[in-house]
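Residue-level listing of the chains:
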Amino acid sequence: MLNYDLHCHSSVSDGTLSPTALVERAVLRGVTNLALTDHDNTAGLEEARAAAVSHGIKLINGVEISVTWRSHSVHIVGLNIDPAYPKLVEGLYAVRSGRGKRAEKMADSLAMAGIGDTLAGAYRYAGNPAMVGRAHFARYLVESGRSKDLKSVFSQFMTKGKPGYVPHLWASLEDAVAWLRGSGGVAVIAHPGRYMVGRNSMGKKTMQEFLSDFATCGGQGIEVVCGSHTLEQYAEFARYAGEFNLSSSCGSDFHGPGESYRDLGRLPDLPLGCKPIWELWESANTVKEV
Ligand code: AMP
Ligand code: MN
Ligand code: MN
Ligand code: MN
């Protein structure tokens, strides 16, 4: 039985496990085809590949690019990419370069709300200091008793209108998709359900405009089954996939034991009628019989 998990994080970005430990956990949970998709960074792929080879599972080279589309922060997952493609390497470097300054501003904003000393706390959780981000602040805010768990951190802090929120300009949608496609990979909209909740969320019309822009740029896929989606959202985004002729992806978005909605490999099958995203790269490697 094949078990695809095409979205997860290691300590190279904001996951808590090393690439090796992540692959080992995936193996134990029956994953046969794993994509490591660290935020704006491909530095964990080599280690993950070595672990995958030694355990006999397939590793798909991935990344999750932070994008600003209109006033929305969205994430675009790249799959089957070439991490050495120069435009991708340069692009990702530029996207992650502002994180240090942003973290300082986040700490200042939290301090203004009476929550001091978060910067050093956040960096303690950042396995890779260059990738310091909201998940690292979130872990410290839980540790220091400001919130009971990660979910409540993000309802109290660091989102639009809340203490610790710092607006940030990430990559453009066009650039992100072009880097991924140029490297030989496919571009996939990550966790679309998340863009339709909370302050400044997308309504249905805006979601359709987003999907249309994405497809026009060369985007080919959407996460239909993902860790943060409900059963209703599987059906909802399967419909959007059909409407915009996108392939469907599935990924846990696992960040660490005890932290994520779903563990590695613990996802239901894609709804009937969805075109699996992996056919886009697997068919290219298959010699068709005539
Ligand atoms: P950043 O890239 O610094 O903006 O941080 C984004 C990361 O914060 C995401 O990739 C998640 O790891 C985490 N995050 C954002 N929103 C939530 C949420 N509602 N619940 C749990 N983690 C979240
Ligand atoms: Mn994350
Ligand atoms: Mn994401
Ligand atoms: Mn993710």
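Residues numbered from 1 in each chain as written. Chains lettered and ligands numbered in written order. Predicted model: local features only at pLDDT ≥ 70, side-chain atom pairs only at ≥ 80, totals over all residues. Heavy atoms only, no water.

Scanning the protein from N- to C-terminus turns up eleven helices and seven strands. Computed over C-alpha atoms, the radius of gyration of the protein comes to 18 Å, within 12% of the 19 Å expected from 2.2 N^0.38 for 290 residues, which places it in the range of a compact globule. C-alpha atoms of the protein, sized along the principal axes, occupy 70 × 45 × 40 Å. For the protein, with 290 residues in total, the buried portion stands at 51%. Counting only contacts in the protein whose residues sit at least 6 apart along the sequence, the fraction spanning at least 24 positions is 71%. Counting every atom, the protein has about 13300 Å² of accessible surface; 53% of that belongs to carbon and sulfur. Averaging the positions of the 29 positive and the 30 negative side-chain charges in the protein gives two centres separated by 5 Å. (Helix = DSSP H or I, 4+ residues; strand = E, 2+ residues; numbered from the N terminus. Rg over C-alpha atoms; globule rule 2.2 N^0.38 Å. Buried < 20%, exposed > 50% of the residue type's maximum accessible area, 1.4 Å probe, protein only. Contact = heavy atoms within 4.5 Å. Areas by Shrake-Rupley, 256 points an atom, 1.4 Å probe, with all protein chains shown as cover. Lys, Arg positive; Asp, Glu negative; His and termini not counted. Charge placed at Lys NZ, Arg CZ, Asp CG, Glu CD.)

With that settled, the discussion passes to the coordination of the manganese ion (ligand 3). In the first shell of the manganese ion (ligand 3), the protein supplies Glu64 (OE), His75 (ND1) and His191 (NE2), at 2.1 Å from the metal. Taken in sequence order, the residues that donate to the manganese ion (ligand 3) follow the motif E-x10-H-x115-H. In this structure, the manganese ion (ligand 3) lies 5.5 Å from the manganese ion (ligand 2). A residue pair is termed long-range when its members are at least 10 positions apart, and Glu64 in strand β3 (residues 58-69) and His191 in the loop between β5 (186-189) and α9 (204-217) qualify at 127 residues. (Donors = N, O, S within 2.8 Å, 3.2 Å for Na, K, Ca; no water.)

Note on placement: His136 falls in helix α6 (residues 134-143). If we skip the residues at most four places from it in the chain, His136 touches Ser13, Asp14, Ala122, Tyr125, Ala126 and Met131.

Under the domain assignment used here, the protein contains domain 1 (4-96 + 168-282) and domain 2 (99-156). The C-alpha centroid of domain 2 is placed 24 Å from the C-alpha centroid of domain 1. Facing the 16 residues of domain 1 at the interface are eleven residues of domain 2. Interface of domain 1 and domain 2: buried area, both sides summed, is about 1000 Å²; carbon and sulfur atoms make up 52% of it. Linking domain 1 to domain 2 there are two salt bridges. Here domain 1 is connected to domain 2 by six residue pairs in polar contact (both at pLDDT 80 or more). (Domains from an automatic or database assignment. Buried area = accessible area lost by both parts, 1.4 Å probe. Salt bridge = Lys/Arg side-chain N within 4 Å of Asp/Glu carboxyl O. Polar contact = N/O pair within 3.5 Å; in protein donor to acceptor, adjacent residues only side chain to side chain.)

A few words on the sheet that holds β5. Pairing is mixed across the open sheet formed by seven strands, whose spatial order is β1-β2-β3-β4-β5-β6-β7. One side of each edge strand has no neighbouring strand; the edge strands of this open sheet are β1 (4-5) and β7 (247-251). Bridge count between β1 and strand β2 (residues 33-36): two bridges; the pairing is parallel. When the sheet's bridge partners are listed, Tyr4 is paired in β2 with Asn33. Contacts from α9 reach β3, β4 (72-79), β5 and β6 (221-226), with the element oriented near 175° to β5. (Pairing = 2+ DSSP bridges. Axes fitted to C-alpha atoms, helices over the stretch in contact; angles between N-to-C directions.)

We now examine the pairing of β5. Going residue by residue along β5, you find Val186 and Val188 tucked away on one face and Ala187 and Ile189 tucked away on the opposite face as well. Strand direction decides the pairing type here: β4 and β5, joined by four bridges, are antiparallel. Bridge assignment links Gly78 to a residue of β5, and that residue is Ala187. Inspection of the sheet shows β5 paired to β6 by two bridges, in the parallel sense. Along β6, the bridge assignment pairs Ile189 with Ile222. Crossover β5 to β6 through α9 is right-handed. (Right-handed = clockwise from strand over helix to strand, strands pointing away.)

With that settled, the discussion passes to the coordination of the manganese ion (ligand 4). Of the protein atoms, only His7 (NE2), His9 (NE2), Glu64 (OE) and Asp253 (OD) coordinate the manganese ion (ligand 4), at distances of 2.1 to 2.2 Å. Going along the chain, you hit the donors of the manganese ion (ligand 4) in the pattern H-x1-H-x54-E-x188-D. A separation of 4.6 Å is found between the manganese ion (ligand 4) and the manganese ion (ligand 2). Residue His9 is located in the loop between β1 and α1 (19-28), and its partner Glu64 is located in strand β3; the two are separated by 55 residues in the primary sequence. On the accessibility criterion, Glu64 (1% relative accessible area) is buried.

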